[in-house]
Amino acid sequence: MLSRVLLALFFVSGATGLMYQVIWVRQLQLIFGATTLAVAAVLGAFMGGLAVGGWAISNHVDRIRRPLQVYARLELGIGLYALVLPELLRAVEPLYLGLSSQMNPSPLVYGLIQLLCVGSLLILPTAFMGATLPLLVRQRTSSVDSSGRELGALYGANTAGAVAGTCLAGFVLLPGIGVAATNVSAAAANIALGVLALWLDRWAPEPKVQDRRSVDFQPEPIAVGVALALGGLASMVYEVAWVRLLTLVLGASAYAFALMLVAFLSGIALGGALGGPLADRVAERRGERELLHTLAALYVLLAAVSYVVMYAFPELPVWYVLLIDAAGAIESPRAEWAVMLGISVGVMTLPAILLGATLPISVRAVASRGDELGRTIGRLYSMNTAGGVVGALTAGFVLMPAIGVQGAVLAAAGLNIASAGVIFWHMGPSPRDRAVAVAVAAVVVLAAISRPPWNPRLMASGMYRYSSWFSDHSREGIHEFALDRDELLMYREGRTSVVTVGRNKRDGSIWIANNGKGEADNAFDMETQVLLGLLPLQFVEDPRDVLVIGLGSGITAGTVSSVDSVDHVDVVEIEAAVVEAAELFAEWNHHVLDDPRTTIHANDGRNHLLLHPRATWDVIISQPSNPWITGAANLFTLDFFEIGRSRLRPGGVWAQWAQLYSMEEADLKTLLATFASVHAHVLVYVTEETSDILMLGSDRPLDPLVVGEINDRFPSAAPALKDLGLRPETISEKLRLDRDAILELTAGMPINTDDNLWLEYSAPLARHRNTGEANQRWLDRVSIR
């Protein structure tokens, strides 16, 4: 009975642990930004804490008489710490901001300062989490001969809980009650776990673990630990590569990322649950030497499966469209979630099952003495997790930019082969081992010279966004839409996204896309890009310093640079590949990248604002991607707008782009209400053809009549306006709302904040809906013109 209760406890513990990971990564991204450095640093701090906890408890766990009592105290500590962590984050903010103002560091150095001040706050609670597994395994296990089954059951239950936590946080709690309340809910669950475990400890027997009955071979823990560390490194490389791949196919919404994590963790959980009993059976019937052979074979099989799955990659965009049609998912977000989960499972779950089986098999192979079981588990778990930390950093900073998705998967498969090699080397060569080594070498050579096909244009076709744009959803029709319309000019797998540039074969226009979603072009989007650059400057008496958040094609920044009075243009772009892409638009963006007044900052827009003192710029122009995209969504909240307002000089203007398409009227009203709640004076313009809105905010009145003087104020920009057919009177006709009208029309609507995440979770639900015309009609009806 107690064993089953402990499984239930550890299931809930896994759920809260994953909820914390989601919450804390989100909270720290608001501080660090959404750069690869930031994400890697946060995950590194989280996983590093797990490794520290596993290693630290390994030195004591076998001497602890009441492990369930210690486990209870750790759960209580996790819950109580989670309650105070938001206050701790606020408390250290003056420290890193103060150091920043004194040192004026680069974004890299600033990130390291933040990591030291903020990331260190995660070490204690995550170390507590890392210490729980060895404690519960020792409490449940009566004999080393059953340690595989007991560890596998607990590891599987904990990871299955993580799956439940992912679903609960991503689909219920965060959209429903927000970040702070979700954090409190998880903390309350941990505290309840601690109290229940303390109560159970009153009846729990003192654990006594019997030694292994027979030993035919005693592996060196360090050898198996090295193999596990390499396996942990490979597992994170796989995960990063697979997520990048699936982002191309499924999009970058919060729901898509949650479903990818569900698929990966489900495989780990199932692998842990199956690997434990398998380890005990093999060891009992054939001995530990054969168990090590099994572990090595598992790594080889994992490499082979991961390689074979790569042959399915080119089919994923086609399968997505076919499954979307079959499920009727264009009109049903829940049906689309099912399709997303199915594709994610097809890519990740089978390899993840093999990954999940490696830890219990490794522990069962190494463990021999009952009084050292906890030590063995703690150290092997720690080495596996430490490998994962290195893998997260290596994948994001080195492998993805250098060799892309396919190369990263092949590198991870190579690490799996290396894990098998370490095990074979440790056991000493036998005739069978030599034969296996030859076979493995042949497979490696074959894989190296026969990489599966990869069509960049098809993979980056953005079917998650454009499948509703064409009617012929046969395989031929999908290929025609993705491949025949455009010529691919550039394909780069950057640190944060895949960037493509193409030329339309019909009219010769060129476009730029991020993860398959079009961001800008030199034809259809020109009006929006030019007006976004000129309108805010028109309302500032003498604009000198301008910040542009998001480079895109560079046309908006280039339009700003065409104004003679502007002395300096700061452009913040998170993805270096976008800067390379913008060079292809030099003819239309005034060669802004070569302009000595232009400074490109490789950083997250939010983080860049935090780096600078108040009253820095005359104009700030924010043009991130759509608010349904995770990361970009952080740039549409009340909290971000308030930070930005504080960086404007008196009389300065904030210009904000947003789309009218794929956004329900309620979400549009929420966005307008959020913007108007920050700025004392607001004007909203509409570009009808592209279904975009341009929101202008300032602390001083904005007189729309000054638009009539735009040619006189900015004569150097007059040719661009003329080419677009834009005259002062036609620009004035695009005005729709001021702040008074917005407040009246949006009364009672929620405000989008960092805490409630309203748009991030609501906007993706309209991703396939053509709402542009309806929103324009609504704005026309309520227009103040």
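Refer to the structure printed above.
Since the model is a prediction, treat every value here as computed from it, not as a measurement.

Definitions and cut-offs
- Residues numbered from 1 in each chain as written.
- Predicted model: local features only at pLDDT ≥ 70, side-chain atom pairs only at ≥ 80, totals over all residues.
- Heavy atoms only, no water.
- Helix = DSSP H or I, 4+ residues; strand = E, 2+ residues; numbered from the N terminus.
- Buried < 20%, exposed > 50% of the residue type's maximum accessible area, 1.4 Å probe, protein only.
- Expected span 1.5 Å × (residues − 1).
- Pairing = 2+ DSSP bridges.
- Axes fitted to C-alpha atoms, helices over the stretch in contact; angles between N-to-C directions.
- Parallel < 35°, antiparallel > 145°, perpendicular 65-115°, else oblique.
- Left-handed = near helix turned anticlockwise from the far one by under 90°.
- Contact = heavy atoms within 4.5 Å.
- Nonpolar A, V, L, I, M, F, W, Y, C, P; charged D, E, K, R; others polar.
- Core = buried A, V, L, I, M, F, W, Y, C linked by side-chain atoms within 4.5 Å.
- Phe/Tyr/Trp six-rings, centres within 6.5 Å; stacked < 30°, edge-to-face > 60°.
- Lys NZ or Arg CZ within 6 Å of the ring centre and 35° of its normal.
- Patch = residues over 30% accessible without salt bridge, like charges linked within 9 Å, V, L, I, M, F, W, Y side chains within 5 Å.
- Areas by Shrake-Rupley, 256 points an atom, 1.4 Å probe, with all protein chains shown as cover.
- Salt bridge = Lys/Arg side-chain N within 4 Å of Asp/Glu carboxyl O.
- Polar contact = N/O pair within 3.5 Å; in protein donor to acceptor, adjacent residues only side chain to side chain.
- Right-handed = clockwise from strand over helix to strand, strands pointing away.

## Re the environment of Gly725
Here's step 1: Inspection of the secondary structure puts Gly725 in the loop between α24 (718-723) and α25 (728-732).
Here's step 2: According to the relative accessible area criterion, Gly725 is partly exposed, its value standing at 42%.
Here's step 3: A C-alpha to C-alpha distance of 9.2 Å links Gly725 and Glu527, two positions 198 residues apart in sequence.

## As for helix α1 (residues 2-32)
Here's step 1: With 31 residues, α1 should reach 45 Å at 1.5 Å per residue; the first-to-last C-alpha distance of 43 Å fits that figure.
Here's step 2: Positioned one or two residues after α1, Gly33 has a phi angle of 100°, which is positive.

## Digging into the sheet that holds strand β3 (residues 510-514)
Here's step 1: Pairing is antiparallel in the open sheet, where 4 strands are placed in the order β1-β2-β3-β4. Two strands in the sheet have a free side with no partner beyond their single neighbour: β1 (486-493) and β4 (517-521). Adjacent strand axes in the sheet meet at a mean angle of 25°, parallel and antiparallel pairs treated alike.
Here's step 2: Here β1 runs beside strand β2 (residues 498-504); their pairing, made up of 7 bridges, is antiparallel. From the neighbouring strand, Glu487 faces β2, where its bridge partner is Arg503.

## Concerning the packing of helix α9 (residues 288-309) against helix α12 (residues 373-427)
Here's step 1: α12 packs onto α9 with a crossing angle of 165° between their chain directions and a minimal axis gap of 8 Å. As summarised for this structure, α9 and α12 are arranged roughly antiparallel, according to the angle between their axes. The crossing of α9 and α12 is left-handed. Within the contact between the two elements, α9 uses Arg289, Leu292, His293, Leu295, Ala296, Tyr299, Val300, Leu302, Ala303, Ser306 and Tyr307 and α12 uses Val409, Leu410, Ala413, Asn416, Ile417, Ser419, Ala420, Ile423, Phe424 and Met427.
Here's step 2: Looking at the contact of α9 with α12 residue by residue, the class counts come to 16 nonpolar, 4 polar and 1 charged.

## A short note on the nonpolar core
Here's step 1: Of all hydrophobic cores here, the largest spans 192 residues; its most connected members are Leu133, Phe313, Tyr320 and Ile693.
Here's step 2: Ranked by residues supplied to this core, first place goes to α12 with 19 residues.
Here's step 3: The next biggest cluster of nonpolar side chains, apart from the first, holds 51 residues, and it includes Met490, Leu535, Phe539 and Val566.

## Description of the packing of aromatic side chains
Two measures describe an aromatic ring pair: the distance that separates the ring centres and the angle between the ring planes.
Here's step 1: Here the structure, examined in full by the defined rule, presents 19 aromatic pairs.
Here's step 2: Note on Phe171 and Trp337: the rings are 5.0 Å apart at their centroids and 70° apart in plane angle, and the pair reads as edge-to-face. Here Phe171, found in helix α6 (residues 147-201), pairs with Trp337, found in helix α11 (residues 333-366); they are 166 residues apart in sequence, far enough to count as distant.
Here's step 3: When the centroid spacing of 4.8 Å and the interplanar angle of 35° are considered together, the rings of Tyr255 and Trp337 count as tilted. Here Tyr255 is found in helix α8 (residues 254-286), whereas its partner Trp337 is found in helix α11, with 82 residues between them in sequence. You'll find Tyr255 and Trp337 in the same group, each marked buried.
Here's step 4: An aromatic cluster is present here, built from Phe171, Tyr255, Trp337 and Tyr761 joined pairwise through their rings.
Here's step 5: It is Arg379 that lies over the ring of Trp55; its NZ or CZ is 4.4 Å from the centre.

## A look at unusual backbone geometry
Here's step 1: In this structure, His591 is a non-glycine residue whose phi angle is positive, near 50°.
Here's step 2: Looking at the element boundaries, His591 is found in the loop between α19 (576-582) and β7 (598-601).
Here's step 3: Here His591 falls in the partly exposed class, since its relative accessible area comes to 46%.

## Let's talk about a nonpolar patch on the surface
Here's step 1: Side chains of Leu80, Leu83, Val84 and Val184 sit close together on the surface and give an oily, nonpolar patch of about 320 Å² of accessible area.
Here's step 2: Looking at which element gives the most residues to the nonpolar patch, the answer is helix α3 (residues 67-103), with 3 residues.
Here's step 3: Within the element layout of this structure, Val184 appears in helix α6.
Here's step 4: On the basis of relative accessibility, which here comes to 45%, the residue Val184 falls in the partly exposed class.

## Things to note about the sheet that holds strand β10 (residues 681-687)
Here's step 1: Read from one edge to the other, the open sheet built from 8 strands follows the order β7-β6-β5-β8-β9-β11-β10-β12, with strand pairing classed as mixed. For this open sheet the edge positions go to β7 and β12 (735-738), each flanked by a neighbour on one side alone. For this sheet, the mean angle separating the axes of adjacent strands, direction not counted, is 15°.
Here's step 2: Where strand β5 (residues 545-549) and strand β6 (residues 568-572) come together, 5 bridges link them in parallel fashion. Residue pairing across strands places Asp545 opposite His568, the latter belonging to β6.
Here's step 3: Its contacts with the sheet place helix α17 (residues 526-538) against β5, β8 (617-622), β9 (648-659), β10 and β11 (692-698), and it is angled at close to 10° to β11.

## Remarks on the side chain of Ser646
Here's step 1: Relative to the helices and strands, Ser646 resides in helix α21 (residues 638-646).
Here's step 2: Among the polar contacts made by the side chain of Ser646, one reaches the main-chain carbonyl oxygen of Ile643 at a distance of 2.6 Å.

## A short note on the side chain of Thr556
Here's step 1: Mapped onto the fold, Thr556 is located in helix α18 (residues 555-561).
Here's step 2: Using a relative accessible area of 1% as the deciding quantity, one classes Thr556 as buried.
Here's step 3: Beyond its immediate sequence surroundings of up to four residues, Thr556 is in contact with Gln529, Leu532, Gly533, Ile621 and Gln623.

## Topic: the pairing of β8
Here's step 1: Of all 6 residues making up β8, 6 are buried, and the element is well covered by its neighbours.
Here's step 2: As defined by bridge partners, β5 adjoins β8 across 4 bridges and the pair is classed as parallel. Looking across to β8, one finds that Val546 is bridged to Val619.
Here's step 3: Inspection of the sheet shows β8 paired to β9 by 5 bridges, in the parallel sense. Bridge pairing in β9 links Ser622 to Gln656.
Here's step 4: A crossover connection joins β8 to the parallel β9 through α21; in handedness this β-α-β unit is right-handed.

## Structural notes on the environment of Leu635
Here's step 1: In this structure, Leu635 sits in the loop between β8 and α21.
Here's step 2: Leu635 gets classed as buried once you look at its relative accessible area, which sits at 7%.
Here's step 3: Sequence separation between Leu635 and Gly605 is 30 residues, and the spatial gap between their C-alpha atoms is 7.8 Å.
Here's step 4: Excluding its chain neighbours within four sequence positions, the residues that come into contact with Leu635 are Ile549, Arg606, Pro624, Phe640, Phe641 and Gln656.

## Looking at the pairing of β5
Here's step 1: For β5, the tally of buried residues reaches 5 of 5 residues, placing the bulk of the element in the interior.
Here's step 2: Neither face of β5 is left uncovered, since the one carrying Asp545, Leu547 and Ile549 and the one carrying Val546 and Val548 both have all their residues buried.
Here's step 3: Handedness of the β5-α18-β6 crossover: right-handed.

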